[in-house]
Amino acid sequence: MSVAEKAPETGVRPARARTSRFTDDNGRRIRVWELILRYVLLVVVLALTVGPFVWQLSTSLKGPTEDIFSSPPKFLPSHPTLHNYERVSETIPVWDYALNSLKVAAANVVTNCVGSALAGYALARLRYRGRRVAALVFVLAMLVPAEGIVIAQFTTMRELGLNNTLVGVLLPGSIAAMNVLLMRNAFLNLPYEIEEAAYVDGANVWQRFLRIALPSVKGTLAVVAIFAFMGAWDDFLWPLIVLSDPSKFTLTIGLNYLHGTFANDERLVAAGTIIAVAPLIALFACLQRYFFRGVGEGAVKG
């Protein structure tokens, strides 16, 4: 009898080479060191992006007796207080400035969503001469820096009598070229068969646009809304040029008054920064599920 026959059958199979149990979305196995490297990179990116915001939030909650420049830095305040936010409202009319910014940003969202959707649908679905040239014009418009046309914009607003008005702040950015191209790519990804069936049933262009095409690109509309709101809310250069009446200042200009000539309180500046960032966080929190879906709607065709 051989040695193999004498060995008792215990039911234990020979040990196989250990393989990684981690896989990606496509079922491909991921090695452990690759997974660790990915998490390390994610942590580094998180620290670079979220770290400054956390530091500003911590600084805004620190009292006047705490050292904000201690080494090593302390992210958690010893005695958290909201007194710095009260001081911001006492130093500048921050809520009036925030209301002006909200008016401009809300109007900018409406004009960009409506105008970009109409222009994007026309570039993607309608058939007319010069359609490719029109799309190229929007691409070229993205290459022009805003600083290069600011003088022309200011002259135009002055000729229209819109200087020192919130309408003058809104008008140049009412329809952004990038948003038009985003909507165009989203409409291009829609199957033509759906609209052809509606056309056979007697639907005209407006009915196909409002009832078929537009409901299918809600995600991209959310992306456009977020970009439009952020662009109008964070804009500093153009409102600074076109506005001269302090009662019409937007929040970004008003916060500049927190920097004194002879004194500069970092706690006060940090509190004003958090007030300015809070609406953006709230908007993204409300539209995040549409945002991530919308990023992929226009990412296939260019």
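Structure first, text after, so check above.
Residues numbered from 1 in each chain as written. Predicted model: local features only at pLDDT ≥ 70, side-chain atom pairs only at ≥ 80, totals over all residues. Heavy atoms only, no water.

(A) Inspection of the side chain of Glu195 at higher detail. The residue Glu195 is located in helix H9 (residues 192-200) in this model. Look past the residues within four positions of Glu195 in its chain and what remains in contact with it is Tyr121, Arg125, Arg208, Ile212 and Ala213. (Helix = DSSP H or I, 4+ residues; strand = E, 2+ residues; numbered from the N terminus. Contact = heavy atoms within 4.5 Å.)

(B) Structural detail: the side chain of Thr250. Looking at the secondary structure, you find Thr250 in the loop between helix H12 (237-242) and helix H13 (251-254). Classification of Thr250 as buried rests on a relative accessible area of 4%. Other than its neighbours up to four places away in sequence, Thr250 contacts Tyr97, Asn100, Ser101, Pro239 and Leu243. (Buried < 20%, exposed > 50% of the residue type's maximum accessible area, 1.4 Å probe, protein only.)

(C) The arrangement of the nonpolar core in detail. One finds Val88, Ile92, Met183, Phe187, Trp233 and Leu251 to be the most contacted residues of the largest nonpolar core, which totals 47 residues. At 10 residues, the largest contribution of residues to this core is made by helix H4 (residues 94-124). Beyond its immediate stretch of four places on either side in the chain, Val88 contacts Val94, Leu268, Ala271, Gly272 and Ile275. (Core = buried A, V, L, I, M, F, W, Y, C linked by side-chain atoms within 4.5 Å.)

(D) Local environment of the packing of H4 against helix H8 (residues 177-188). At a minimum axis distance of 7 Å, the contact between H4 and H8 shows a crossing angle of 50°. With respect to H8, the element H4 is oriented oblique. Once H4 is placed against H8, the crossing between them reads as right-handed. Across from Asn112, Ser116, Ala117, Ala119, Gly120, Tyr121, Leu123 and Ala124 in H4, the residues of H8 making contact are Asn179, Val180, Met183, Arg184, Phe187 and Leu188. (Axes fitted to C-alpha atoms, helices over the stretch in contact; angles between N-to-C directions. Parallel < 35°, antiparallel > 145°, perpendicular 65-115°, else oblique. Left-handed = near helix turned anticlockwise from the far one by under 90°.)

(E) The packing of aromatic side chains, seen in detail. The final tally for this structure, using the stated rule, is 7 aromatic pairs. Their ring planes at 50° and their centres at 6.2 Å tell us that Phe187 and Phe209 sit as a pair that is tilted. You can see Phe187 sitting in helix H8 and its partner Phe209 sitting in helix H10 (residues 205-213), a full 22 residues away along the chain. When sorted by exposure, Phe187 lands in the same class as Phe209, which is buried. Seen in terms of ring centroids, Phe229 and Trp233 are 5.6 Å apart; in terms of plane orientation they differ by 15°. Their pairing is stacked. Of this pair, Phe229 and Trp233 are both found in helix H11 (residues 218-234), 4 residues apart, which corresponds to roughly one turn of the helix. (Phe/Tyr/Trp six-rings, centres within 6.5 Å; stacked < 30°, edge-to-face > 60°.)

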